[in-house]
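Structure at a glance
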Amino acid sequence: DADGANGGSIEMHARDNVTLKNTGQLLARGTGDTLVAGDTGTGAGGSVMLSSLSTASIDAVTAESGALIDVGGDQQGAVAGKKGSVTMHAYRGATGSANTVNVAFATTAAVKGAEEVRLEGVKVYNSATFATNTSTIVTDTNAFYTANPGSGSYAATQDGATISVLPNIEVR
């Protein structure tokens, strides 16, 4: 529970899979006591980042049915704090190269109170060959975008937040 006046922040980074069990709750909600219309700080929702480096599973980031990831802003009458954000970060496909993200399709159904949910598909490139492989990176990135229009096959969040499936490029 990382609730706070201006929303909390939770980050979970794993070498293997990240699984939020059915009774698990990640709470980073805004709890501002003095909300004022137009104030985007007080009572604003928080942020959650779930990240897995596993290539052993296409479901490297998973939330079981009943789990909750709540990053909502506080609400007092008609005045509401700004909604929070959720990012799920995993390799592309089980091999790290396919045009999918290793996040289970139902995982996004656990999210509540987010303005946007970002699903980042990571592909790693070698820094020693970066200059000669720029065209490959562009081609791979374009193929990923084309294969993932909108929210793809991911479940809707509890309150209809936008889900974006995006490429993430790392050069090591």
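Let me sum up the structure you'll find in this document. All chains use their own residue numbering, which begins from 1 and follows the written sequence. Only residues with pLDDT of 70 or above have their local features reported here, since the model is predicted, and side-chain atom pairs are shown and tallied only from 80 upward, although totals for entire chains, interfaces and linings are computed over all residues. The side-chain quantities take in all heavy atoms of the structure and omit both hydrogens and water.

Quick word on the side chain of S54
Secondary structure counts use DSSP, requiring at least four H or I residues in a row for a helix and at least two E residues in a row for a strand, with both numbered from the N terminus. One can find S54 in the loop between strand 4 (47–52) and strand 5 (61–63). Should any heavy atoms of two residues lie within 4.5 Å, those residues are counted as being in contact. Not counting the four nearest positions on each side in its chain, S54 is found in contact with R15, D16, N17, A60, Y91 and N102.

Structural notes on the pairing of strand 9 (residues 84–91)
Note on strand geometry: in a regular strand, side chains alternate between the two faces of the sheet. Within strand 9, seven of the eight residues are buried, leaving the element largely enclosed by the surrounding structure. We treat two strands as partners when DSSP finds at least two bridges between them. Sheet analysis places strand 4 next to strand 9, joined by five bridges and oriented parallel. The residue bridging S47 from the neighbouring strand is S85, located in strand 9. With eight bridges joining them, strand 9 and strand 11 (residues 114–125) adopt parallel strand pairing. The residue bridging S85 from the neighbouring strand is E116, located in strand 11. Accessibility here uses a 1.4 Å probe with only protein chains present; expressed as a share of the type maximum, an area under 20% marks a residue as buried, one over 50% as exposed, and anything in between as partly exposed.

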